[in-house]
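# Fold and geometry: a report
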Amino acid sequence: MEIKIGETLFIGGNSDYKLSPPVQGLESPAYRVGDGIYAGRDGGYVSGHFYGHRTITIKGFYIGTNCENAAELRKVLFSYLRIRYRLPILIITSEGQYYTEGFITDVKADIENLVSGEYQITLLCPDPILYEAENNEVIWVEETLSDGEAVSVANDGEVEIYPIITITGVVDNLELINQATEQTMQINISTENADDEITVDMNSRIITLNGSAINEYRTLNSSWWYLVQETNDIVFNSNGSATATIKFRKGISGI
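Given the structure is predicted, the values throughout are model-derived calculations rather than measurements. (Residues numbered from 1 in each chain as written. Predicted model: local features only at pLDDT ≥ 70, side-chain atom pairs only at ≥ 80, totals over all residues. Heavy atoms only, no water.)

### Some words on the sheet that holds strand 20 (residues 230-237)
The strand order 13-20-15-16 describes an open sheet built from four strands, whose pairing is antiparallel. Of all the strands in the sheet, just strand 13 (150-155) and strand 16 (183-190) have a single pairing partner and so form its edges. The mean inter-strand angle of the sheet, taken between neighbouring strand axes irrespective of direction, is 20°. Pairing of strand 13 with strand 20 involves six bridges; the strand directions are antiparallel. Counted as the bridge partner of Val 153 is Asn 232 from strand 20. (Pairing = 2+ DSSP bridges. Helix = DSSP H or I, 4+ residues; strand = E, 2+ residues; numbered from the N terminus. Axes fitted to C-alpha atoms, helices over the stretch in contact; angles between N-to-C directions.)

As C-alpha cells, then:
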C-alpha cells in the first residue's frame, strides 16, 4: 500500500517514508444515529441514520543515511503536514486507487534515535466517502441530460452520491427531477444569454449563476437530491433552450 498526502508527500512504496501497519480509518466510517426512548411505553425510535466524518491514522518510519540526513527527513515531513489546508489523499492498493480529502489534526514523532524515527499522522476527512480513482486521479462520471425527457443515469458505486448539474443557456424557472427518489429541485430564475451557466452542487448545497451564488432562488419545497445505487431517471425542464450535464464520483463506504 502507498498513500499520497497533498501533492508531494508519499508514504510507503519506494518513498523514504515507510508505512507501518495498521492503517486505521479506511473501513466504513462511524455511524450517527438520532434515537430516543418512548415515554410511557416500551421501545424507542430512530429519527435519523447518517455517516459521521472519517478519521484516518497512518503510522510509519524513516531511516536516514546519517544524522544530518535523518534530521532533514524529519524536517521535510513536518513541512508537508501543514494546518489550515484541505489536503488531497490518494490511497493506492493492489486492488485499486481511492481518493478523499482531509485536514491534519495530529502528528506524533518523538526523537528516540538520531538516524531514524517513527511518526503517526492523523487526518480528519469531513466527507466520509472514499472515491474510486485511476492513474492518480479521481474518476468522474458525466452524462448529458435531455430537456424535458427522462435520461437514465447509472450510479455504479456502493453508496448514494450527490451529483453536480451544470445548465448552459436560456432557462425560465428551471426544474431538476430525480424520478428514482421522487425529489425535485426547482429554481425560479430566468436567464437571457446562450453562455449563461447555472451550476447546482447537490453535495455542497450551492447554486451559482456565472459563478455567483443564487441559492435564494431555490423554492422552499426543493430537495438536495442524491443518486441511488443503480439506475436513476433524471429529468430537467428549462422552458428555454438550455443544455445540461450531470457528473458525479463513484463512491464506496470503505476498503
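### Focus on the pattern of salt bridges
One pass over the full model with this rule turns up three salt bridges. Here Glu 101 and Arg 86 are joined by a salt bridge, their closest N and O atoms 2.8 Å apart. Here Glu 101 is found in strand 8 (residues 97-108), whereas its partner Arg 86 is found in the loop between helix 1 (67-80) and strand 7 (87-92), with 15 residues between them in sequence. Here Lys 250 and Glu 132 are joined by a salt bridge, their closest N and O atoms 3.7 Å apart. Residue Lys 250 is found in the loop between strand 21 (243-249) and strand 22 (251-252), and its partner Glu 132 is found in strand 10 (residues 130-134); the two are separated by 118 residues along the sequence. (Salt bridge = Lys/Arg side-chain N within 4 Å of Asp/Glu carboxyl O.)

### Section: helix 1
With 14 residues, helix 1 should reach 20 Å at 1.5 Å per residue; the first-to-last C-alpha distance of 20 Å fits that figure. Where helix 1 is concerned, the buried positions are Ala 70, Leu 73, Arg 74 and Leu 77. In a view along the axis of helix 1, the buried residues occupy a sector of 95°, so they form one face of it. Opposite the packed face of helix 1, turned more than 90 degrees from it, sit the exposed residues Glu 68 and Lys 75. Each element contacted by the buried residues of helix 1 is listed here: strand 2 (9-12), strand 6 (54-63) and strand 9 (116-125). (Expected span 1.5 Å × (residues − 1). Buried < 20%, exposed > 50% of the residue type's maximum accessible area, 1.4 Å probe, protein only. Arc of directions from axis to C-beta. Contact = heavy atoms within 4.5 Å.)

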